[in-house]
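Structural characterization, general
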Amino acid sequence: MTHAARDRTLDGPHGPLGVRTYAPAGGARVGLVWAHGGGFAGGDLDMPEGDWVCRQLADRGIAVVSVDYALAPVPEGWTMPPAGHDRARVRYPVASEEVGFAFSWALDSGLADGPWALGGASAGGNLAAGATLRRLHTGDTLPALVVLAYPTLQAVQAAADAELRALLDAEPEADRFGADIIRTMYENYLGGSVDTADAYAIPGIATTAQLRGFPPVLMINGEADELRMSGEAFARSLAAAGCAVDAVTERGTQHGHLNRPAEAAASLSIERIAARLTHLA
């Protein structure tokens, strides 16, 4: 199946908001609004985690809207590639609200005849989860499915358990998301202390009461990835709130495998996501 990709500019909640739409030839019965990762301060629509993922799903008959959300300032001492747009760098809640706005726009876009899902990878997974939680509490239309690929959902991240610690020790290059780095990333995104942040910024702190009614979730975690502790903790919280959550660990992966299309696991995760989305239709 082929598709058509188109860059658009929406009148977003904080000014012009870029999105890239992927429309399958012959139309689509289901859609996905997608947010790339990059530690809230990096990434763009052209990175594989953005463009490659979206094209793969569009070629499987799924309409996709990829969100070029505003990025946070680059943390001091960090090296990040240039942003894909020239917008001013801003802090929470801009990116979170832009992802939620893009979902509302997609519902009325005519790109898909059926239900819409919302998802993202890494920091994009945080944005998708937080935007969904906000919609839950405001009574807005909820996604039919939330897709979270190796998401970061906790600013204060638990230490790796013994099994994960052994994997990280065996693959030192994978051991790059320790507690101090993650806390710094969130403080930079928030522009202040994580201790006063709300659950829309840090979905992993949401209570059972706050999560009740959250839509079904497909979560794909990396195996040798310290952020797995964050994802697994959120999955347990969702289950405790009575939410339907399918959390899987993609074997043989480090963080960000969707950004490395040559790895077999990237295609395997695409098939998992496509299967769930297609089932919605």
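That block above? That's the structure.
Some thoughts on the nonpolar core
Within the largest apolar cluster, 56 residues are counted, with the highest numbers of intra-cluster contacts made by Val 33, Trp 116, Leu 148, Tyr 186 and Phe 214. Among the elements that take part in this core, helix H3 (residues 123-138) stands out by supplying seven residues, more than any other. Apart from residues lying up to four places away in sequence, Leu 148 is in contact with Gly 120, Gly 125, Ala 128, Ala 129, Leu 153, Val 217, Leu 218, Met 219, Ile 220 and Phe 234. Residues Val 53, Val 248, Ile 270 and Ala 274 belong to the second largest nonpolar core, which totals 26 residues.

Concerning the side chain of Asn 188
Mapped onto the fold, Asn 188 is located in helix H5 (residues 179-190). At 2.6 Å, the side chain of Asn 188 forms a polar contact with the backbone oxygen of Pro 73. Beyond its immediate stretch of four places on either side in the chain, Asn 188 contacts Ala 41, Ala 72, Pro 73, Val 74, Pro 75 and Arg 91.

Here's the deal with the environment of Ala 199
Relative to the elements of secondary structure, Ala 199 occurs in the loop between H5 and helix H6 (208-211). Once the C-alpha coordinates of Ala 199 and Gln 210 are considered, the two residues, 11 residues apart in sequence, prove to be 8.6 Å apart. Those residues within four positions of Ala 199 in sequence are excluded, and the remaining contacts are Leu 133, Ile 205, Ala 206 and Gln 210.

Some remarks on the environment of Tyr 150
Within the fold, Tyr 150 resides in the loop between strand E6 (146-149) and helix H4 (162-170). Between the C-alpha atom of Tyr 150 and that of Arg 228, which follows or precedes it by 78 residues, the distance is 6.6 Å. In terms of polar contacts, Tyr 150 uses its side chain to reach the backbone amide nitrogen of Leu 258, at 3.3 Å.

Regarding the packing of helix H1 (residues 51-58) against helix H8 (residues 264-280)
Close contact between H1 and H8 brings their axes to 10 Å; oriented N to C, the two are set at 50 degrees. Considering their axes alone, H1 and H8 lie oblique with respect to each other. Note on packing geometry: the crossing formed by H1 with H8 is right-handed. Contact with H1, carried on its side by Trp 52, Val 53, Gln 56 and Leu 57, involves Ala 266, Ser 267, Ile 270, Ile 273 and Ala 274 of H8 and no other residues of that element. Of the residues assigned to the contact of H1 with H8, the class counts are seven nonpolar, two polar and no charged.

Topic: the layout of surface pockets
Counted as a void, the largest pocket has a volume near 360 Å³. Lining the largest pocket are 25 residues, with Gly 37, Gly 38, Gly 39, Ser 122 and His 255 positioned closest to its centre. A total of three residues in the lining of the largest pocket trace back to one element, the largest contributor, which is H5. Its residues assigned to classes, the lining of the largest pocket shows 11 nonpolar, 11 polar and three charged.

Observations regarding the sheet that holds strand E4 (residues 63-68)
Strands sit in the order E1-E2-E4-E3-E5-E6-E7-E8 across an open sheet of eight strands; the sheet is mixed. The sheet is open, and its two edges are formed by strand E1 (3-12) and strand E8 (245-254), each paired on a single side. Pairwise comparison of adjacent strand axes, ignoring direction, gives a mean angle of 20 degrees for this sheet. Pairing of strand E3 (residues 31-35) with E4 involves four bridges; the strand directions are parallel. By the bridge assignment for E4, Leu 32 is matched with Val 64.

Topic: the pattern of salt bridges
On inspection of all chains with the given rule, the structure shows 16 salt bridges. The closest approach of N and O atoms between Glu 232 and Arg 228, which form a salt bridge, is 3.0 Å. Taken together, the residues Glu 232 and Arg 228, both in helix H7 (residues 228-240) and four residues apart, mark about one turn of the helix. Here Glu 263 and Arg 260 are joined by a salt bridge, their closest N and O atoms 2.6 Å apart. Via salt bridges that share partners, Asp 7, Arg 20, Asp 46, Asp 51 and Arg 55 belong to a single interconnected network.

Definitions and limits used
Residues numbered from 1 in each chain as written. Predicted model: local features only at pLDDT ≥ 70, side-chain atom pairs only at ≥ 80, totals over all residues. Heavy atoms only, no water. Core = buried A, V, L, I, M, F, W, Y, C linked by side-chain atoms within 4.5 Å. Buried < 20%, exposed > 50% of the residue type's maximum accessible area, 1.4 Å probe, protein only. Helix = DSSP H or I, 4+ residues; strand = E, 2+ residues; numbered from the N terminus. Contact = heavy atoms within 4.5 Å. Polar contact = N/O pair within 3.5 Å; in protein donor to acceptor, adjacent residues only side chain to side chain. Axes fitted to C-alpha atoms, helices over the stretch in contact; angles between N-to-C directions. Parallel < 35°, antiparallel > 145°, perpendicular 65-115°, else oblique. Left-handed = near helix turned anticlockwise from the far one by under 90°. Nonpolar A, V, L, I, M, F, W, Y, C, P; charged D, E, K, R; others polar. 1 Å grid on protein atoms, 1.4 Å probe; cavity = no way out; pocket = protein on both sides within 12 Å on 5 of 7 lines; lining within 4 Å. Points joined across faces, edges and corners; volume = space filled by probe spheres on them. Pairing = 2+ DSSP bridges. Salt bridge = Lys/Arg side-chain N within 4 Å of Asp/Glu carboxyl O.

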